[in-house]
Each structure stands twice: as C-alpha cells, then as structure tokens.
2 protein chains.
Amino acid sequence: MGVTKHDSYTAEQNRIAALCKVLGHPARIAILQKLLATDCCICRDFTDEIDLAQPTISRHLQELKAAGLIAGTIEGTSVSYCINPERWREVWTVLQSFLSVGTEGITSCCDVAAEQEQSK
Amino acid sequence: MGVTKHDSYTAEQNRIAALCKVLGHPARIAILQKLLATDCCICRDFTDEIDLAQPTISRHLQELKAAGLIAGTIEGTSVSYCINPERWREVWTVLQSFLSVGTEGITSCCDVAAEQEQSK
DNA sequence: TGCTTATATAGCAATATTACGATTAATCAG
DNA sequence: CTGATTAATCGTAATATTGCTATATAAGCA
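Since this is a predicted model, take the numbers as computed values, not measurements.

A few words now on the pairing of strand β1 (residues 70-75) of chain A. Strand residues, when the strand is regular, have side chains that alternate between the two faces of the sheet. Residues and elements named next belong to chain A. Two elements, β1 and strand β2 (residues 78-83), share 6 bridges in a ladder whose sense is antiparallel. Note on β2: the bridge partner recorded for threonine 73 is serine 80. Hairpin connection, β1 to β2: the antiparallel pair is bridged by 2 residues, and glycine 76 has positive phi, about 70 degrees.

Structure follows, in structure tokens:
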C-alpha cells in the first residue's frame, strides 16, 4: 500500500518520524551540510557540487523548505538558501530528547553479540 | 526512478541518511520508544499496542534489526527484542555531530519570517 | 523587445516502501 | 503425535519516492 497509518501514532512519534524521513536522503544531508559549513546562503552551487540534475536538486530543496529546515529568498535571477536556525535548534531538541533516553544505563537483555554473529 | 544514487555522496552522508531513513517511520519510532521505556526485552507486545498487522510489525522489527538498532533472541515460542546499547550510543554520536554544527551562532541571511509567511 | 541565465514545475518511468492476507516454521502443552 | 501459539516469510496491491527530460517562469541585460 505504501501509505503510512499516521492516525495510529502519537503526535510526537509522527513528528520524529517525519523529521527523520526528510533527513533520510544523502542529497538532503549534503545540502544541509553545505549550508551549515558556509554558515548560510548559497544558491545554485548545489547543482555544481551534487551529481543530480537541476530539477532534482530543486525538488530536494523544496522538501527541506516544506519541513521548515531551510528558507530561500529570491535575489535577482538566483535564489539564496539558508538554514532556518530556529527550526534547526528545534530539530536538535526533538531528536535529542528521543535519542538521549537510552544513552546511559541500558543493559541489553539479549545476547547482542550472538545475535550479530547469527545475522552474518 | 526511485533509486538513490549513493555513489555520489560521501560515506558519512550515506550513513546519516540511512540511519534517518530507518527512523523515518512512526511505527519504528513507537517500537524504539517502547523498548527504551521498558529498558529492554519485550516481544509480541508490539502487536497488541501498535495498530498494524503482525507481519507488518515483524517487517519493521527486521528493518530495525538490519540497521543494528535492536537485537532479538528466541525464547521458547516468542522472541525477545531489545535495544542494542552500543549501536544506540553510536547513533547518538553520529547524529549529534551532524546536528550540533549549527546549534549556536547561525545567523540567517534570508528573511525566514517573510519566507514562512510566503508559504502559507 | 528579444536573449540569456537561474530556478521551478509538469509529466513520466523505475524502483522502494508500506501493509495486508495466507502460509510456513518452530515451540510448547496435552 | 496433535493442536495451539508465536513469529517470520511469501506474494500481492497500493502508494511514495527518486530522478530524468522538457517546459515554464522570472529577472537581468543588450
């Protein structure tokens, strides 16, 4: 079916999943890394640097924009993109609260080593 | 085409993206949250708690297992799953190093507020 | 106005993902 | 051994994602 049953989950679960989904493509990670490295504002440099057709890059940019992670402003013929700092910190907070739960004090009840051996 | 061009990206970009992709589904987040909350080891409680058919749950479990996030050991008729603590901490580290880059000191060059207004 | 550049959108094809019902495999109780 | 229970796998259908080419849009320049 390919359609996720969002109604069955909590708002938080959907929020985390939606966020991770957007981050779940290397091209979008590459875009974000570049924006973070250049502090802000680039434009069609992505097309030069990433081995994807211009429309495909544009699509990924729109997806990041829809998720609120980046913003773009038109500057003459080109478009400047940058990280949305507020949202970026929010992402950090959301994921941190999820991930940090088990950072300390988790003891595995299963034999993880044996399990990993098994799956080879 | 639906096929991602992994060759075009760095190992790190692919690693982050692959990880986020696994986390990009609410059912898998729900599973992980439950495992984190119960510290470890449950089994078919997922089927009771999550509104998905048993084979679908099983699939999600296999995906989490393939990503190394959880481990499962057979205990009689049932299977006990638990977080792989080592891998979990690794996830934490990988995502932290990516996300924390812009947590401080990012100044938006674009007018984010105007941008968000625009997209309404 | 017409040409060039930069970006977005439309349309399409291929592959991936999600989810289901049916079936299989394996263990336990009797 | 038989039946019940638990979980994984198979086969299938629907939808989503990725990425391309072709086209549209919009701004700047001659």
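In the vicinity of DNA strand C lie 30 residues, with Met1(A), Gly2(A), Arg44(A), Tyr81(A) and Met1(B) positioned nearest. Within 4 Å of the protein, atoms of DNA strand C come from sugar and phosphate in 62% of cases. Here a base nitrogen of DNA strand C sits 2.7 Å away from a polar atom, N or O, in the side chain of Gln54(A). Within the side chain of Arg59(B), an N or O atom sits 3.4 Å from a base nitrogen of DNA strand C. Elements supplying a minimum of two residues to the surface near DNA strand C: α4 (54-66) and β2 of chain A together with α4 (54-66) of chain B. Taken together, the residues that form the surface near DNA strand C break down as 10 nonpolar, 13 polar and 7 charged.

Inspection of the entire model under this criterion finds 10 salt bridges over all chains. Arg28(A) is the salt-bridge partner of Glu63(A), the closest N and O atoms lying 3.4 Å from each other. Taken together, the residues span a long stretch of sequence, with Glu63(A) in helix α4 and Arg28(A) in helix α2 (residues 26-37) at a distance of 35 residues. The exposure class of Glu63(A) is partly exposed, given its relative accessible area of 38%. For Arg28(A), a relative accessible area of 6% translates into the label buried. With a shortest N-O distance of 2.8 Å, Lys34(B) and Glu49(B) are connected by a salt bridge. One end of the pair, Lys34(B), is in helix α2 (residues 26-37); the other, Glu49(B), is in helix α3 (residues 45-49), with 15 residues separating them in the sequence.

Residues and elements named next belong to chain B. Running from amino to carboxyl end, helix α1 (residues 11-23) crosses helix α5 (residues 85-99) at an angle of 120 degrees, the nearest separation of the two axes being 11 Å. The two elements α1 and α5 cross, and the hand of that crossing is left-handed. Note on element contacts: α5 touches α1 through Arg87, Val91, Val94, Leu95, Ser97 and Phe98, opposite Glu12, Ile16, Leu19, Cys20 and Leu23. The class makeup of the residues in the contact of α1 with α5 is 8 nonpolar, 1 polar and 2 charged.

Let us now look at the packing of aromatic side chains. Under the counting rule described, the total for this entry stands at 3 aromatic pairs over all chains. Arranged with centres 5.7 Å apart and planes meeting at 90 degrees, the rings of Trp88(A) and Phe98(B) form a pair that is edge-to-face. Taken together, the residues Trp88(A) in helix α5 (residues 85-99) and Phe98(B) in helix α5 connect one chain to another. Judged by its relative accessible area of 0%, Trp88(A) falls in the buried class.

How each quantity is defined
By convention here, each chain's residues receive numbers from 1 onward along its written sequence. The order in which chains are written sets their letters, starting at A; the order in which ligands are written sets their numbers, starting at 1. pLDDT decides what is reported in this predicted model: residues at 70 or higher carry local features, side-chain atom pairs at 80 or more are listed and counted, and totals for whole chains, interfaces and linings draw on all residues regardless. Side-chain metrics rest on all non-hydrogen atoms present in the structure, leaving aside hydrogens and water. Whether two strands pair depends on DSSP finding at least two bridges between them. Numbering of helices and strands runs from the N terminus, with a helix taken as a DSSP run of H or I at least four residues long and a strand as a DSSP run of E at least two residues long. Whether a residue is near a molecule or strand is decided by its heavy atoms; if any one of them lies within 4 Å of it, the residue is near. As used in this structure description, the phrase polar contact means that two N or O atoms lie within 3.5 Å; if the pair is within protein, one of them must be able to donate a hydrogen and the other to accept it, and residues adjacent in sequence are counted only when both atoms belong to side chains. Note that Gly is not counted as nonpolar here; it falls among the polar residues with everything else outside the nonpolar set of Ala, Val, Leu, Ile, Met, Phe, Trp, Tyr, Cys and Pro and the charged set of Asp, Glu, Lys and Arg. Think of a salt bridge as a Lys or Arg side-chain nitrogen and an Asp or Glu carboxyl oxygen that are within 4 Å of each other. For the exposure calls, accessible area comes from a 1.4 Å probe over protein chains only, and a residue counts as buried if that area is under 20% of its type's maximum, exposed if over 50%, partly exposed in between. Note on method: axes are straight lines fitted to C-alpha atoms, helices fitted across the in-contact stretch only, with angles between N-to-C directions ranging 0 to 180 degrees. Take the far helix as the reference: if the near one is turned anticlockwise from it by less than a right angle, the crossing is left-handed, and if turned clockwise, right-handed. Residues count as neighbours in contact if any of their non-hydrogen atoms are within 4.5 Å of one another. We call Phe, Tyr and Trp rings a pair once their centres come within 6.5 Å, taking the six-membered ring for Trp, and we label the pair stacked below 30 degrees between planes, edge-to-face above 60, and tilted otherwise.

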